[in-house]
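Observations on the model geometry
Here's the letter readout for the chains.
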Amino acid sequence: MSNEVNIREQIQNYLIESGNYENISNKLTQRLIEDGWVDKMKIKIKQEIMSNKEIKYNELLNKMEPEGHNLLNEQIKNEIINEIQAILDEIIEQ
């Protein structure tokens, strides 16, 4: 397991140092905004807070996370996964 964690850390460090992490994050954010995902999530979160004014942040996060995954457009998900895969392929080829 520690070898797997080490590989993940190395990949994450590479993505950050190369600037690819920021590029992927920016692209994902832009696509989610364009798709209306951000607005849909804001509405769902506001509705949840209004129906349960005592909800704690962690409770809200745990409840909304599956909602966010369910609302995620498969095309956007696949675009980002393909972009990450291409970067990982580049790393392996080096």
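For the structure itself, look to the data block above.
What you see is a predicted model; the values in this text were computed from it and never measured.

Here the focus is the packing of helix 2 (residues 20–35) against helix 5 (residues 74–93). Taken N-terminus to C-terminus, the directions of helix 2 and helix 5 make an angle of 170°; their axes are 10 Å apart at the nearest point. Here helix 2 is positioned roughly antiparallel relative to helix 5, judged by the angle of their axes. Residue-level inspection shows Asn20, Ile24, Lys27, Leu28, Arg31, Leu32 and Asp35 of helix 2 in contact with helix 5, the latter providing Gln75, Ile76, Glu79, Ile80, Glu83, Ile84 and Ile87. In the contact of helix 2 with helix 5, the residues fall into seven nonpolar, two polar and five charged.

Grouped together as the largest cluster of nonpolar side chains are seven residues: Leu32, Trp37, Met41, Ile55, Leu60, Met64 and Ile76. Residue assignment for this core shows that the elements contributing at least two residues are helix 3 (37–51) and helix 4 (57–71). Dropping the residues within four chain positions of it, Ile76 is found in contact with Leu28, Arg31, Leu32 and Asp35.

Turning our eyes to something else, we now look at the pattern of salt bridges. For the coordinates displayed, the defined rule picks out five salt bridges. Note that Arg31 is salt-bridged to Glu34, the shortest N-O span being 3.3 Å. Taken together, the residues span about one helical turn, with Arg31 and Glu34 both in helix 2 at a distance of three residues. In this structure Glu34 comes out as exposed when scored by relative accessible area, which is 51%. The shortest N-O distance in the salt bridge between Lys63 and Glu48 comes to 3.3 Å. Here Lys63 is found in helix 4, whereas its partner Glu48 is found in helix 3, with 15 residues between them in sequence. Three or more residues joined by partner-sharing salt bridges are found here, namely Arg31, Glu34 and Glu79.

The rules behind the values
Residues numbered from 1 in each chain as written. Predicted model: local features only at pLDDT ≥ 70, side-chain atom pairs only at ≥ 80, totals over all residues. Heavy atoms only, no water. Axes fitted to C-alpha atoms, helices over the stretch in contact; angles between N-to-C directions. Helix = DSSP H or I, 4+ residues; strand = E, 2+ residues; numbered from the N terminus. Parallel < 35°, antiparallel > 145°, perpendicular 65-115°, else oblique. Contact = heavy atoms within 4.5 Å. Nonpolar A, V, L, I, M, F, W, Y, C, P; charged D, E, K, R; others polar. Core = buried A, V, L, I, M, F, W, Y, C linked by side-chain atoms within 4.5 Å. Buried < 20%, exposed > 50% of the residue type's maximum accessible area, 1.4 Å probe, protein only. Salt bridge = Lys/Arg side-chain N within 4 Å of Asp/Glu carboxyl O.

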